[in-house]
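# Survey of secondary and tertiary structure
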Amino acid sequence: MTHRPVTRVSLVSPLACAAVLAALVPAAGAQAAPAAAPRLLAPQGTELLPNLDDDARRCTLRPGDLDRLDTAVDERLAACNDAADEVVNGAADLEDLTPLRVPPTATGAGASARVSVPAAQARYARIFVERGGRYVSLGAGGPLGADELRRGVRLAVEGRDVVRDRARWDGRVDVTLTVTDRGATRGATVRLRVVPVLLQHDLQPARHVFAAAPGPGTGQPAEVPVSSRRPGGWDAFAGSLRTAARDSGLPARALRFQPGTAEWWRDVWRQDIAEPGYVTKQTPEGPRTMRILLRSPNHWTSPDGRAASLRRAGRLLYRDLRGPGVGIVQQYTTRRDAGVDELLNFTGNVESLPPYPGHPQGRILYGATPERHPDPSFVTMLRSQGRQEPLVLDTSWLLVGHVDETVHVVRAGNARGWTLAYSDPRLALDLLRRAHRAGEGGQVPFADTDAREKPTVDQMLDHERRTGDNADAARRIDGQLSVLLRATGLRRDELVPLPVLYAQEDAGGGVRRHRALSPALANGLSLTARDFAPPAPHGPRVGGRDLFRDEAERRLRAQGVRVHWVEDFSWAHLGGGEVHCATNALRQVP
């Protein structure tokens, strides 16, 4: 069968701001004295969480779910959360709802009342009423009895989705209490708003880190573009990552390795299956926070059009991370223009800048051009949160095309407390020339790696003279930095250059793009604001010292950053990524 293009969504809701209104609407011909106007109160404020977590851990995967190439599996997994049922799933779930109160109201015996939300908002909210010591669902609205009004009514409102497209729904939920009594109808309305999803940034300390592990069988996925090279060197990668985590103060139990299945385990890019964020509502008792993981919008259709699936590695989010306080959102569309690139749908292409003047929540950062860009509905969802104005960089010249390949937020001693580390091919060439002048031109920097090609220092310099690949990459990175400096107010001398060599490769269709020839040092994992775990550089050596390593350590140490090297050359680098691509972190939320 054929698949018609549709936009897929998975329900949830939140934001904040309110107005309480009262209105008198006399019934036709009424002569009786009007009853008192009803009141509808919001004792904890008017912010609404999207209740997408699974407090009772009732959502589970079925046998075979990790492997089936079928979007029906993805839709079913996304549809299971606390907002999907008609019950309050325990005390923790109740705290995720926003309470409303109707104070005891003097009414006549024949009074009737109804609480409701407008039809256009009905899919985004659910109302519960406390009866007999338990909360009962009224759906999008239902009746209240006169005796309930006289005693006072306890309501709770559940947000059922995040804002995905402000043109369709802007996060408002208007809850109206209408009371008809003694010939008059009066109403009170409280406006709730679903809170926006905020993306975490790299200065927030990691609380949980996860990475891939080898699985059984061949493990080559059909549905996502990853290298056909079998990842190797996992013991070295895992061992050095464990050491980096331990030395940064992360408990051993907070680092988790997830093997995939025999059908797709070579999809080791855990950064690329989800971008972590969070939602927070403020209450008199303090903030109530829920993590929201934005699943990558990688969508695949078989060549014959008979099968379709999202990225199967993303289903690990539902198996291993969804639960109390953690929800998953998937947003994608099959209405895609020719410029949508599945590589740019990897969520390593979505990062964020910390807060700075004019942007108190920071900014989203992603890579795109009109000719090569991510899923438009996913970008619309990011923009619709309205708190972290996106900043777009040109990453089209990179083979993979992610913003995390060339820039990374690190702490700094400046007024704002942070700056950017970036890939610097010019610095890398300067260090190669230093090695040449020291008589090390015949040295093979990648001699101790699994690299297929192992050029000498002089061969690398000769290649640059013939091709200008690094000079071109440097000009492209200059363009990215120009956008970043203009947007943030950072000065060029505040940035932290890190040595990285580039080479162009055939990207198909006669197009050549750049990839990091030496490990891209900016593409590392921040464990705390002061602890950074970049890939071991395997740079040229002089006097037994790795020049790339020493230069990176010197420049980062000047910013108060401790460096913890991770060996990822065989596990990640040769497959087109680095430590950051191969890991992900759930960070401490404010």
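The structure under discussion appears in the preceding block.
What this report covers is the structure whose coordinates are included nearby. (Residues numbered from 1 in each chain as written. Predicted model: local features only at pLDDT ≥ 70, side-chain atom pairs only at ≥ 80, totals over all residues. Heavy atoms only, no water.)

## Focus on the overall build of the protein
Broken down by element type, the protein carries ten helices and 34 strands. Judged by the C-alpha coordinates and their principal axes, the protein covers about 105 × 55 × 45 Å. Counting only contacts in the protein whose residues sit at least 6 apart along the sequence, the fraction spanning at least 24 positions is 77%. Accessible area for the protein stands at about 23000 Å²; split by element, carbon and sulfur atoms hold 51% of it. The positive charge centre, built from 78 side chains, and the negative charge centre, built from 69, are 4 Å apart in the protein. (Helix = DSSP H or I, 4+ residues; strand = E, 2+ residues; numbered from the N terminus. Contact = heavy atoms within 4.5 Å. Areas by Shrake-Rupley, 256 points an atom, 1.4 Å probe, with all protein chains shown as cover. Lys, Arg positive; Asp, Glu negative; His and termini not counted. Charge placed at Lys NZ, Arg CZ, Asp CG, Glu CD.)

## Some thoughts on helix α8 (residues 457-467)
Among the residues of α8, those classed as buried are Val 457, Met 460, Leu 461 and Glu 464. Along the axis of α8, the buried residues cluster in a sector spanning 95 degrees; they form a single face. Each element contacted by the buried residues of α8 is listed here: α7 (425-437) and α9 (469-488). Taken from the residues just after α8, Gly 468 is the one with a positive phi, measuring 65 degrees. (Buried < 20%, exposed > 50% of the residue type's maximum accessible area, 1.4 Å probe, protein only. Arc of directions from axis to C-beta.)

## Brief notes about the pairing of strand β5 (residues 112-116)
Residues of β5 alternate between two faces, with Ala 113 and Val 115 buried on one and Ser 112, Arg 114 and Ser 116 left unburied on the opposite face. Pairing geometry for β5 and strand β10 (residues 172-181), over five bridges, is antiparallel. Paired with Val 115 across the two strands is Leu 177, which belongs to β10. Of the strand pairs in this sheet, β5 and strand β8 (residues 141-144) are connected by four bridges, and their pairing is antiparallel. Bridge pairing in β8 places Arg 114 opposite Pro 143. (Pairing = 2+ DSSP bridges.)

## Focus on unusual backbone geometry
Despite not being glycine, Arg 57 has its phi angle at roughly 50 degrees, a positive value. A positive phi is found at His 538, a non-glycine position, where the angle reads about 50 degrees. Relative to the helices and strands, His 538 resides in the loop between β30 (531-533) and β31 (541-542).

## Let's talk about the pattern of salt bridges
Summed over all chains, the structure comprises 43 salt bridges. Of the charged contacts in the structure, one is a salt bridge between Glu 389 and Arg 363, with a shortest N-O distance of 3.5 Å. Of this pair, Glu 389 sits in the loop between α6 (376-384) and β23 (391-393) while Arg 363 is found in strand β22 (residues 363-367), placing the two residues 26 residues apart along the sequence. For Arg 363, a relative accessible area of 7% corresponds to the buried category. Among the salt bridges present, the one from Arg 562 reaches Asp 531, with a minimum N-O distance of 2.9 Å. Placement of Arg 562 in strand β33 (residues 562-563) and of Asp 531 in strand β30 is noted, with a sequence separation of 31 residues between them. Look at Arg 562 and you get partly exposed, because its relative accessible area is 45%. (Salt bridge = Lys/Arg side-chain N within 4 Å of Asp/Glu carboxyl O.)

## Some details on the nonpolar core
Taken as a class, soluble globular proteins show a tendency for nonpolar side chains to be buried jointly. The biggest cluster of nonpolar side chains holds 37 residues, and the ones touching the most others in it are Leu 353, Leu 365, Trp 418, Leu 420, Leu 484, Leu 498 and Leu 556. Those elements that place two or more of their residues in this core are β23, β24 (407-411), β25 (418-424), α9, β26 (496-499) and α10 (547-557). Among the elements that take part in this core, α9 stands out by supplying five residues, more than any other. Leave out the neighbours within four places in its chain, and Leu 498 touches Ala 421, Tyr 422, Ser 423, Asp 424, Leu 427, Leu 521, Ala 522, Ala 552 and Leu 556. Within the second largest apolar cluster, 33 residues are counted, among which are Val 224, Val 226, Ala 254 and Val 579. (Core = buried A, V, L, I, M, F, W, Y, C linked by side-chain atoms within 4.5 Å.)

## Overview of the side chain of Ser 137
The topology assignment puts Ser 137 in strand β7 (residues 134-139). Polar contacts involving the side chain of Ser 137 include one to the side chain of Glu 86, which spans 2.4 Å. Side-chain polar atoms of Ser 137 contact the backbone nitrogen of Gly 139, separated by 3.0 Å. Apart from the residues lying within four places of it in its own chain, the contact partners of Ser 137 are Glu 86, Arg 126, Ile 127 and Phe 128. (Polar contact = N/O pair within 3.5 Å; in protein donor to acceptor, adjacent residues only side chain to side chain.)

## Brief notes about the sheet that holds strand β19 (residues 326-330)
Strands sit in the order β12-β15-β16-β19 across an open sheet of four strands; the sheet is mixed. With one partner strand each, in any of the chains shown, β12 (198-199) and β19 form the two edges of the open sheet.

## Focus: the sheet that holds β23
The mixed open sheet is built from three strands, whose spatial order is β21-β22-β23. Each end of this open sheet is capped by a strand with a single partner; those strands are β21 (350-353) and β23. Geometrically, the sheet is characterised by an average inter-axis angle of 30 degrees between neighbouring strands, direction not taken into account. Bridge analysis of β22 against β23 gives three bridges, and the strand direction is parallel. Paired with Leu 365 across the bridge in β23 is Leu 391. Helix-sheet contacts for α6 involve β21, β22 and β23, and the interaxial angle to β22 is about 165 degrees. Sheet strands touched by α9: β21, β22 and β23. Its angle to β23, the strand with the most contacts, is close to 165 degrees. (Axes fitted to C-alpha atoms, helices over the stretch in contact; angles between N-to-C directions.)

Coordinates in, geometry out; function isn't part of it.
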